[in-house]
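An overview of the molecular structure
In case you want the letters, here they are:
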Amino acid sequence: MTFEFELPPAPTQNIKVDMGEGDLVRRSASTVPSPARQLTPVAKLIDVSKCIGCKACQVACLEWNDRTERIGFNYGVYDNPVDLTPESFTVMRFTEWVNPESQNLEWLIRKDGCMHCEDPGCLKACPAPGAIVQYSNGIVDFDHDKCIGCGYCIKGCPFDIPRISAVDHKAYKCTLCSDRVAVGQGPACARACPTHAIVFGTKEEMKQHAVERIKDLQSRGYKNAGLYDPPGVGGTHVMYVLQHADKPEIYAELPKDPRISPVVVFWKGLTKYAGMAAMGAFAALGVLHYLVSGPNKVQPNDEEDAKRLAGDR
Amino acid sequence: MAAYDVEQGDAVHPGDPVVVDRYTPGARANHWITATCLVLLAISGLALFYPSFFFLTALFGGGQWTRAIHPWIGVVLFFSFFGLFLRFWKANLWRTEDGTWLARLRYVLTNEEDKLPEVGKYNAGQKVVFWSMSILIIILICTGIVIWDQYFYPLTSIEQKRWAILLHSLAAVTIICVWIVHVYAAIWLRGTIGAMTSGQVTGGWAWKHHRKWFKELVTGRASDRTTGTKPVN
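Conventions adopted
- Residues numbered from 1 in each chain as written.
- Chains lettered and ligands numbered in written order.
- Predicted model: local features only at pLDDT ≥ 70, side-chain atom pairs only at ≥ 80, totals over all residues.
- Helix = DSSP H or I, 4+ residues; strand = E, 2+ residues; numbered from the N terminus.
- Rg over C-alpha atoms; globule rule 2.2 N^0.38 Å.
- Core = buried A, V, L, I, M, F, W, Y, C linked by C-beta atoms within 7 Å.
- Buried ≥ 20, exposed ≤ 12 C-beta atoms within 10 Å, placed from the backbone.
- Contact = placed C-beta atoms within 7 Å.
- Nonpolar A, V, L, I, M, F, W, Y, C, P; charged D, E, K, R; others polar.
- Axes fitted to C-alpha atoms, helices over the stretch in contact; angles between N-to-C directions.
- Left-handed = near helix turned anticlockwise from the far one by under 90°.
- Pairing = 2+ DSSP bridges.
- Domains from an automatic or database assignment.

Across its full length, chain A carries nine helices and 11 strands. For chain A, whose C-alpha radius of gyration is 27 Å, the value lies well above the compact-globule estimate of 20 Å for 313 residues. Taken along its principal axes, the extent of the C-alpha atoms in chain A is 105 × 55 × 40 Å.

Structural data, given as structure tokens:
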């Protein structure tokens, strides 16, 4: 079976936006009413074995999102820019890895960017109501009008993805092209990828496609080929097919078992409730004590004693 | 006699009632700058910690402003409190009677002060507040710098920042609790707030709550002026 992911041509008329406020399942520092409908979960599948490192995805990303990456510095490696920036929501990370079994040099190229976690740490950490939202199709998006630039999302993220702009002090990351998906299009990077290493569809379709790809890779000797859809964050809506899925860390330190840091969970969980309880208890005890024992007043005889001591002159 | 807890500017003015100078204008200004900063920090900090308090960011001009200004208020507080620390640390050193006082805390709460040892310028409760504030402010400024991304982002790892923000939150909650104790004690013990507004308390207040300090003041005054006034008992 061949699986073709030719994305439909961009619509030019009768554009219908089919994803909005009503489709939110999570909203940072606030609650949302449960949505009336469930969008079909979507996913981007990145087949690392098919990537040729052309960076068309990076260019398409900058182009579609209307970002301009400033002219940077060549550090002598292919990675350019060397890290994600508030402009570049995606970067190719190049790793030269010597396979200890075959002694072959393998060039591992991983397209890094937001993984769109089912359980997003950024959203959990965010203190600004509505600055980070999650749609029922799995897309995690930032609303820059509401972002306060605190950087809590960076602390919440298990993948080190969000970047704060020094220009407008707001956090930026891949949107999974939510604006394109809303009108039935796939992400710009998937559209631009010449080898179909990046494909986009429903999460189910992508998982099926991954199975085919993994079979193919295994038939070529990559016995540990597999899908990266880490359960620690409830699965992700950006998944990888890895030739060596048993060692994700060789792909420029892709975390083996990512999860929201327990420190963040404690900070955003128990600390908040215990803190409120403690402050409330201290205030309540103060009120109670005042009601029970009343004010402590200096008595006239205290003043008399003081006068006697100080010398009444 | 060099009384450890008699601070510069402390003085007794005989009369009816006896008036005691407790805080100099400098100390009071220093205190209120610190107090203002602490309240502003608590409001902006709670706004960033509890979603239900996020609306308080409006007081600072919105979320972006709150995020930007909170650390700067913290810097002002740190230096302001450092001033208070230099003024008050000596009189807050722990004395033997403080342990006894603390062990009899229940008599403090039941207004039975005759069952407590005589204390100097600060009782054990005030000393606990003083040292708690000192330690917590050091924790808050250190962890605060770690999470002050605007200037210090590259200096620490994300994992270190996670720990810093957790500690910052815990210390902040604790200092708010300490602050509640501090403010409550000032309201509950009548005649106390004047110490930080006019700088003065009555002799009766000093006699009732800080007898050792009061006696030392009187003795000190007597020896300074060599008027020969003898302390009673």
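That covers the picture; the talk isn't over yet.
Okay, the nonpolar core next. Val48(A), Cys126(A), Ile132(A) and Cys153(A) are the most contacted members of the largest nonpolar core, which totals 101 residues. Looking at which element gives the most residues to this core, the answer is helix H7 (residues 158–188) of chain B, with 10 residues. Among all residues touching Ile132(A), those that are not within four sequence positions of it are Ser28(A), Cys122(A), Leu123(A), Cys126(A), Val140(A), Phe142(A) and Cys153(A). Judged by nonpolar contacts, the second largest core, of 20 residues, contains Val298(A), Val19(B), Val20(B) and Ala206(B).

Considering the arrangement of structural elements, one finds Gly149(A) in the loop between strand S6 (140–142) and helix H3 (152–156). Note: C-alpha distance between Gly149(A) and Val199(A) (50 residues apart in sequence) is 32 Å. If we ignore the near neighbours within four places in the chain, the residues touching Gly149(A) are Ile164(A), His169(A), Lys170(A), Ala171(A), Gln64(B) and Arg67(B).

Contact with chain A, which involves 45 residues of that partner, is made by 49 residues of chain B. Of all the secondary-structure elements, those providing two or more residues to the side of chain A that touches chain B are H3, helix H7 (262–268), helix H8 (270–293) and helix H9 (300–310) of chain A. Ranked by residues supplied to the side of chain A that touches chain B, first place goes to H8(A) with 11 residues. Each residue belonging to the side of chain A that touches chain B can be placed in one class, and the counts come to 22 nonpolar, 12 polar and 11 charged.

Relative orientation and spacing of two packed helices are given, respectively, by the angle between their axes and the distance between those axes. All names here are of chain B. Direction vectors running N to C along helix H2 (residues 63–88) and helix H5 (residues 124–146) enclose 145°, while the axes themselves pass 10 Å from each other. The two elements H2 and H5 meet at a crossing, and its hand is left-handed. For the pair H2 and H5, contact is made by Pro71, Gly74, Phe78, Phe81, Phe85 and Phe88 and by Phe130, Met133, Ser134, Ile137, Leu140, Ile141 and Gly144, respectively. Tallied by class, the residues present in the contact of H2 with H5 amount to 10 nonpolar, three polar and no charged.

Residue and element names in this part refer to chain B. One open sheet holds the three strands; their spatial order is S1-S2-S3, and the pairing between them is antiparallel. On the outer flanks of this sheet lie strand S1 (11–13) and strand S3 (200–202), each paired with one strand and no other. Sheet twist, expressed as the mean angle between neighbouring strand axes with direction ignored, is 25°. Pairing analysis gives three bridges linking strand S2 (residues 19–21) to S3, with the strands arranged antiparallel. Across the sheet, residue Val19 finds its bridge partner in S3, namely Thr202.

Let's shift gears to the domain arrangement of chain A. In terms of domains, chain A is made up of domain 1 (21–266) and domain 2 (269–310). Placing the centre of domain 1 of chain A and that of domain 2 of chain A at their C-alpha centroids yields a distance of 54 Å.

Considered for burial, the residues of H9(A) that qualify are Asp302(A), Asp305(A), Ala306(A), Lys307(A), Leu309(A) and Ala310(A). Of the residues flanking the end of H9(A), it is Gly311(A), one or two places downstream, whose phi is positive at about 85°.

This paragraph deals with the sheet that holds strand S5 (residues 132–135) of chain A. Two strands in a sheet stick together by hydrogen bonds in their backbones, pointing the same way (parallel) or opposite ways (antiparallel). Residues and elements named next belong to chain A. On the basis of which strands lie adjacent, the open sheet formed by three strands has the order S1-S5-S6 and antiparallel pairing. Every other strand in the sheet has two partners, leaving strand S1 (24–27) and S6 as the edge strands with one partner each. Ignoring strand direction, the axes of neighbouring strands in this sheet form an average angle of 25°. Pairing analysis gives three bridges linking S5 to S6, with the strands arranged antiparallel. The residue bridging Ile132 from the neighbouring strand is Phe142, located in S6.

In this section: unusual backbone geometry. Note that the residue after Asn80(A), namely Pro81(A), is joined by a cis bond; omega there is -5°. Note that the residue after Asp16(B), namely Pro17(B), is joined by a cis bond; omega there is 0°. Looking at the secondary structure, you find Pro17(B) in the loop between S1 and S2. A positive phi angle is found at Ala29(A), which is not glycine, with a value near 50°. Here Ala29(A) is to be found in the loop between S1 and strand S2 (42–47).

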